[in-house]
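Chain and residue survey
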Amino acid sequence: MGIKNEDSVMSTVMSTKKTAADDKKATTIVANDPDDLKGTLKRIGGSQSDHWNNILVNQTIRTLWIKHSDKETQDQQCSATVAALIGIGPKDELEGMIAAQLLAAHNAAMECYRRAMLGEQTFEGRRENLGQANKLSRTYAVLLDALNHHRGKGQQKVTVEHVHVHSGGQAVVGMVETPGGGCQPKSKEQPHAIAFAPGIEMSSANPERSTVPSTSDAERSLPDARRNVTRRPEE
């Protein structure tokens, strides 16, 4: 009986080792040929790979609070999430990730705001939820700024190296509004020229000036520094 028990124990150990060895087998991942990528769902995730687009939209949908939603409401929430991604319109995978995080931050912030406004909510609970909502809202603003910066919508810097001001003119660096609205177009001959705006004249390099009297090197007599003082007679 003891030998049989040892054999059964050994067989159990061997079977366990086989299972562990089976788990260590390498997983084969097949990569699609970039030329074969259709990109049918690129409007959602910004990628030519629909596998990526499907994963991204499912990750975004999982950030929804659907615990108390019925089937019809859940369908509306999922459709609205897909529509929001299409509305943001990611052009590449990076923009797709930022768009998904924008929606996730929005959903989480709105849920915190909702919980803070519950009638039976305690003061501590309301303060905590409002604090978390405030952090999420600021995260949303940072993500939006990053998306705009990536798309080239950030603040532009104009560097002016040479400005030539002629007599009777005024150079204005920036946008110049015309009486009819809009900006004055540049001339075809000088597409790089700065727009001209009439106004107060500025002094040019060679201004016409009126003569002003000045001192010369001629010798002149100076008044006597000593004065004759009449003294009063003593009484």
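Residues numbered from 1 in each chain as written. Predicted model: local features only at pLDDT ≥ 70, side-chain atom pairs only at ≥ 80, totals over all residues. Heavy atoms only, no water.

**Digging into the packing of aromatic side chains**
Summed over the entire model, instances satisfying the criterion amount to zero aromatic pairs. Its end group placed over the ring of tryptophan 65, arginine 115 keeps NZ or CZ at 4.7 Å from the ring centre. (Phe/Tyr/Trp six-rings, centres within 6.5 Å; stacked < 30°, edge-to-face > 60°. Lys NZ or Arg CZ within 6 Å of the ring centre and 35° of its normal.)

**Observations concerning helix α6 (residues 123–150)**
Taking 1.5 Å per residue, 28 residues should reach 40 Å; α6 reaches 41 Å between its end C-alpha atoms and fits that length. For α6, the full list of buried residues reads Gly125, Asn129, Ala133, Leu143 and Leu147. Where the residues of α6 are buried, they touch α4 (71–88) and α5 (93–116). (Helix = DSSP H or I, 4+ residues; strand = E, 2+ residues; numbered from the N terminus. Expected span 1.5 Å × (residues − 1). Buried < 20%, exposed > 50% of the residue type's maximum accessible area, 1.4 Å probe, protein only. Contact = heavy atoms within 4.5 Å.)

**Quick word on the layout of surface pockets**
Roughly 180 Å³ of volume is contained in the second largest pocket. Every residue along the wall of the second largest pocket is listed here: Leu64, Trp65, His68, Gln77, His106, Asn107, Met110, Glu111 and Arg114. When residues of the lining of the second largest pocket are assigned to their parent elements, the largest contribution, five residues, is made by α5. Taken together, the residues that form the lining of the second largest pocket break down as three nonpolar, four polar and two charged. (1 Å grid on protein atoms, 1.4 Å probe; cavity = no way out; pocket = protein on both sides within 12 Å on 5 of 7 lines; lining within 4 Å. Points joined across faces, edges and corners; volume = space filled by probe spheres on them. Nonpolar A, V, L, I, M, F, W, Y, C, P; charged D, E, K, R; others polar.)

**Details of the packing of helix α3 (residues 50–61) against α5**
Viewed as axis vectors pointing N to C, α3 and α5 meet at an angle of 15°, and their least axial separation amounts to 9 Å. In terms of their interaxial angle, α3 and α5 are classed as roughly parallel. As α3 runs across α5, the sense of the crossing is right-handed. Counting all contacts with α3, which are made through Trp52, Leu56 and Thr60, the residues of α5 involved are Glu93, Gly96, Met97, Ala100 and Leu103. Of the residues that constitute the contact of α3 with α5, the class distribution is five nonpolar, two polar and one charged. (Axes fitted to C-alpha atoms, helices over the stretch in contact; angles between N-to-C directions. Parallel < 35°, antiparallel > 145°, perpendicular 65-115°, else oblique. Left-handed = near helix turned anticlockwise from the far one by under 90°.)

**Describing a nonpolar patch on the surface**
Taken together, the side chains of Met110, Tyr113, Met117 and Leu130 make up a nonpolar region of the molecular surface, amounting to roughly 390 Å² of accessible area. Along the chain, methionine 110 turns up in helix α5. With relative accessibility at 46%, the residue methionine 110 sits in the partly exposed group. (Patch = residues over 30% accessible without salt bridge, like charges linked within 9 Å, V, L, I, M, F, W, Y side chains within 5 Å. Areas by Shrake-Rupley, 256 points an atom, 1.4 Å probe, with all protein chains shown as cover. Salt bridge = Lys/Arg side-chain N within 4 Å of Asp/Glu carboxyl O.)

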